[in-house]
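Residue-level structural notes
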Amino acid sequence: MLNKMPCSADKLNLLEPTMIQSVVEASAFKFGSEHMAENRVRMLEADAVSITSVVLGASGLYKQTIQLKDGALITQCSCVSTAQPLCGHCVAVLLAYHRWGKPQPPEVSPGKPMTEAPPEARQSATHAADISLRDLMAFVEWFQVAVSALERGHPLPESPKLGTAEVQGWIDTLSDLAQEWDRYKSQMRAIAADLEKQGSQLESLLRSVQGASAALQDLAKLPHSTPKPS
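Residues numbered from 1 in each chain as written. Predicted model: local features only at pLDDT ≥ 70, side-chain atom pairs only at ≥ 80, totals over all residues. Heavy atoms only, no water.

What about the overall build of the chain?
- The number of helices and strands found in the chain is five helices and five strands.
- Counting helices and strands in the order they occur from the N terminus, the chain gives β-α-α-β-β-β-β-α-α-α.
- Going through the 230 residues of the chain one by one, you find that 31% of them count as buried.
- Across the chain, every contact between residues at least 6 apart in sequence was considered, and the portion connecting residues at least 24 apart equals 57%.
- A total accessible area of about 15,000 Å² is found for the chain, and carbon and sulfur atoms account for 57% of it. (Helix = DSSP H or I, 4+ residues; strand = E, 2+ residues; numbered from the N terminus. Buried < 20%, exposed > 50% of the residue type's maximum accessible area, 1.4 Å probe, protein only. Contact = heavy atoms within 4.5 Å. Areas by Shrake-Rupley, 256 points an atom, 1.4 Å probe, with all protein chains shown as cover.)

With respect to the pattern of salt bridges
- Counted according to the given criterion, the structure contains three salt bridges.
- The salt bridge involving Glu38 is made with Arg40; its shortest N-O contact spans 2.6 Å.
- Among the residues examined, Glu38 registers a relative accessible area of 44% and is labelled partly exposed.
- Note on Arg40: relative accessible area 24%, which makes it partly exposed.
- We note a salt bridge from Glu180 to Arg183, for which the minimum N-O separation is 2.4 Å. Highlighted residues: Glu180 and Arg183, both in helix H5 (residues 165-221), separated by three residues, approximately one helical turn. (Salt bridge = Lys/Arg side-chain N within 4 Å of Asp/Glu carboxyl O.)

Points about the pairing of strand S5 (residues 72-77)
- Pairing between strand S1 (residues 2-6) and S5: five bridges, direction antiparallel. Across the sheet, residue Leu2 finds its bridge partner in S5, namely Gln76.
- Bridge analysis of strand S4 (residues 60-69) against S5 gives six bridges, and the strand direction is antiparallel. Each residue of the ladder has a partner; that of Lys69, found in S5, is Ala72.
- Between S4 and S5, which pair antiparallel in sequence order, lie two residues; one of them, Asp70, sits at a positive phi of approximately 55°. (Pairing = 2+ DSSP bridges.)

Observations concerning the environment of Gln64
- With respect to the helices and strands, the residue Gln64 is situated in strand S4.
- Between the C-alpha atoms of Gln64 and Leu2, which are 62 residues apart in sequence, the distance is 9.7 Å.
- Not counting residues within four places of it along the chain, the set of residues in contact with Gln64 comprises Ile51, Thr52, Ser53, Val54, Val55, Gln76, Cys77, His89, Cys90 and Val93.
- Separated by 2.7 Å, the side chain of Gln64 and the backbone oxygen of Tyr62 make a polar contact. (Polar contact = N/O pair within 3.5 Å; in protein donor to acceptor, adjacent residues only side chain to side chain.)

Side note on the sheet that holds strand S2 (residues 41-46)
- Pairing in this open sheet of five strands is antiparallel, and the strands run S1-S5-S4-S3-S2 from one edge to the other. Two strands in the sheet have a free side with no partner beyond their single neighbour: S1 and S2. Sheet twist, expressed as the average angle between the axes of neighbouring strands with direction ignored, equals 20°.
- Where strand S3 (residues 50-57) lies against S4, eight bridges are found, and the strand directions are antiparallel. Bridging across to S4, Leu56 finds its partner in Leu61. (Axes fitted to C-alpha atoms, helices over the stretch in contact; angles between N-to-C directions.)

If you want it as structure tokens, here you go:
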């Protein structure tokens, strides 16, 4: 989904959460806030005017590109949301970028340029993104193999050794879901077998009833003799 909206900010870290909330749908902001709080956002590349990221959603990974260009905020996400002017995944990315960047508030002195985030905050955000990128790429590779295994009915592959607890948590969650799915399929197979057994018993009972009914009909057709008085 590609969206474009006017934007007076010249840097992405100037987009405060309150500003974002004021222009997006309430459901999209709630969705984005929850995904940001759950650490589902990972920055692949980020600078003052552009972001490339992924968000772990309920059905897989969604990729976003966000850009400030010619007085407009241009966003694109691989999801199918119709929310305007931003989907919940892009909202989550902007909120996460703002949290990591920790920008300083603008100066109020006339003629003084707006200050950027302090260098140590930008370095901290970049370092976090680098760590996330390594673990994210390992997760994506494992996820692709895992999906292929599930489609073939095979067990999940061994998970990689990751240093980020959040990414490891994704793998643990998917592994738990796969186990639940296997248990569900076993239960459904047991129910199907039981229904088939009951169906066979019902067919046998119906055949017995039909046989008894036919015997009664044949008996009713026999001639009845009247006993003679002695």
